[in-house]
Amino acid sequence: MRRLDQLLASLGYCSRREARAWIAAGRVTVAGRVADDFGAKTEPAHVLVDGEPLDHPAGLLLLLHKPVGLVCSHHRGEGPSVYGLLPERWRRRNPPVTSIGRLDKDTSGLLLLTDQSELVHRLTSPKHKVAKVYRATLDADLPAGLAEVFTSGTLLLRAEDTPCAPAQLRVLGPREAELTLTEGRYHQARRMFANQGCEVLTLHRAQFGHLQLGDLAAGQWRELPPDTFPP
Ligand code: URA
């Protein structure tokens, strides 16, 4: 149960001050009655704004096909971001909608977005070893024995003091491969290939845990049910 003005503000409808004005103007009902107390503790399922139920009061979980060229950052100075793809109201939610891990500006593919910080922590924690599957194209032929190097658990990236966890490599062609990582180090896939003499030309994430991108077009998202990742 939350204060009515706080509830509307946290779901991105308006500021708390505006929420009080909306309530005074009779735009909000609670359990079928026009609300008159902006401080009343309220059950979100009973609230209507302009006759409509609240927008995802229990939280958002989205699967986005991130296009190349957008950053996963809330800082405006870093350029156009994935958050710009979302409806204005979702961008104003608090807790904010944020990505579960990040993809580089030049990486496309499956990105999860949520306003549930517990889920962000759980799914990005190395302890949980969530598998992420990437397709990479490379500027040179893959060296022989690369799969063994990646699965060995001994690959040490520059300026790091712990080796990468074992990663699976499936060769798809002379310059194309699928890499499955259970960690999320900075630019990890690009740095692993670079460490072995190949520059990544394109990188695309096709899978996150049990979720696949399928035929979702770049820039589109679909909502996931709240029980997608049970505790
Ligand atoms: N590894 C990378 O190098 N970049 C990404 O965006 C994800 C994994």
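Because the structure is a prediction, the values reported are computed rather than measured.

S.K.: Can you walk me through the nonpolar core in this structure?
M.R.: V82, L113, F150, L179, M192 and F193 are the most contacted members of the largest nonpolar core, which has 33 residues in total. Viewed by domain, this core spans two of them, domain 2 (61-125 + 212-223) and domain 3 (131-208), each represented by three or more residues. Each residue touching M192, except ones within four places of it in the same chain, is listed here: F150, L155, L157, C164, A167, L179 and L181. With 15 residues, the next largest nonpolar core counts I100, L110, F208 and L213 among its residues.

S.K.: How should the site of the ligand be read in this particular structure?
M.R.: As a matter of local geometry, the ligand sits amid L103, D104, T107, Y134, H187, Q188, A189, R190 and L203. T107 places a polar side-chain atom, nitrogen or oxygen, 3.0 Å from an oxygen atom of the ligand. With respect to the ligand, the backbone of R190 contributes an N or O atom lying 3.1 Å from an oxygen atom. A molecule is said to occupy a pocket when more than half its atoms come within 2 Å of that pocket's grid points, and by this definition the ligand occupies the largest pocket. For the shell around the ligand, the element with the highest residue contribution is helix α6 (residues 188-195), accounting for 3 residues.

S.K.: Would you take a moment to explain the pairing of strand β11 (residues 168-173) for this structure?
M.R.: Side-chain direction in a regular strand flips from residue to residue, so the side chains alternate between the two faces of the sheet. Pairing of β11 with strand β12 (residues 176-181) involves 5 bridges; the strand directions are antiparallel. Its bridge partner lying in β12, R170 is registered against E178. Adjacent in sequence and paired antiparallel, β11 and β12 are bridged by 2 residues.

S.K.: Whenever I open this one, the domain arrangement of the protein chain confuses me. Can you help?
M.R.: Note: interface size is frequently given as the accessible area lost on complex formation between the parts. Domain assignment breaks the protein chain into domain 1 (2-53), domain 2 (61-125 + 212-223) and domain 3 (131-208). For domain 1 versus domain 3, the distance between C-alpha centres works out to 50 Å.

S.K.: Hey, could you run me through the pattern of salt bridges in this one?
M.R.: Pairing of side chains with opposite charge becomes possible as their charged atoms draw close. For the structure on display, the rule yields 16 salt bridges. In this structure, R3 and D5 form a salt bridge, with 3.0 Å as the shortest nitrogen-oxygen distance. A relative accessible area of 23% means that R3 is categorised as partly exposed. The closest approach of N and O atoms between E88 and R92, which form a salt bridge, is 3.9 Å.

Rules of the game
- Residues numbered from 1 in each chain as written.
- Predicted model: local features only at pLDDT ≥ 70, side-chain atom pairs only at ≥ 80, totals over all residues.
- Heavy atoms only, no water.
- Core = buried A, V, L, I, M, F, W, Y, C linked by side-chain atoms within 4.5 Å.
- Buried < 20%, exposed > 50% of the residue type's maximum accessible area, 1.4 Å probe, protein only.
- Domains from an automatic or database assignment.
- Contact = heavy atoms within 4.5 Å.
- Near = heavy atom within 4 Å.
- Polar contact = N/O pair within 3.5 Å; in protein donor to acceptor, adjacent residues only side chain to side chain.
- 1 Å grid on protein atoms, 1.4 Å probe; cavity = no way out; pocket = protein on both sides within 12 Å on 5 of 7 lines; lining within 4 Å.
- Sits in = over half its atoms within 2 Å of the grid points.
- Helix = DSSP H or I, 4+ residues; strand = E, 2+ residues; numbered from the N terminus.
- Pairing = 2+ DSSP bridges.
- Salt bridge = Lys/Arg side-chain N within 4 Å of Asp/Glu carboxyl O.

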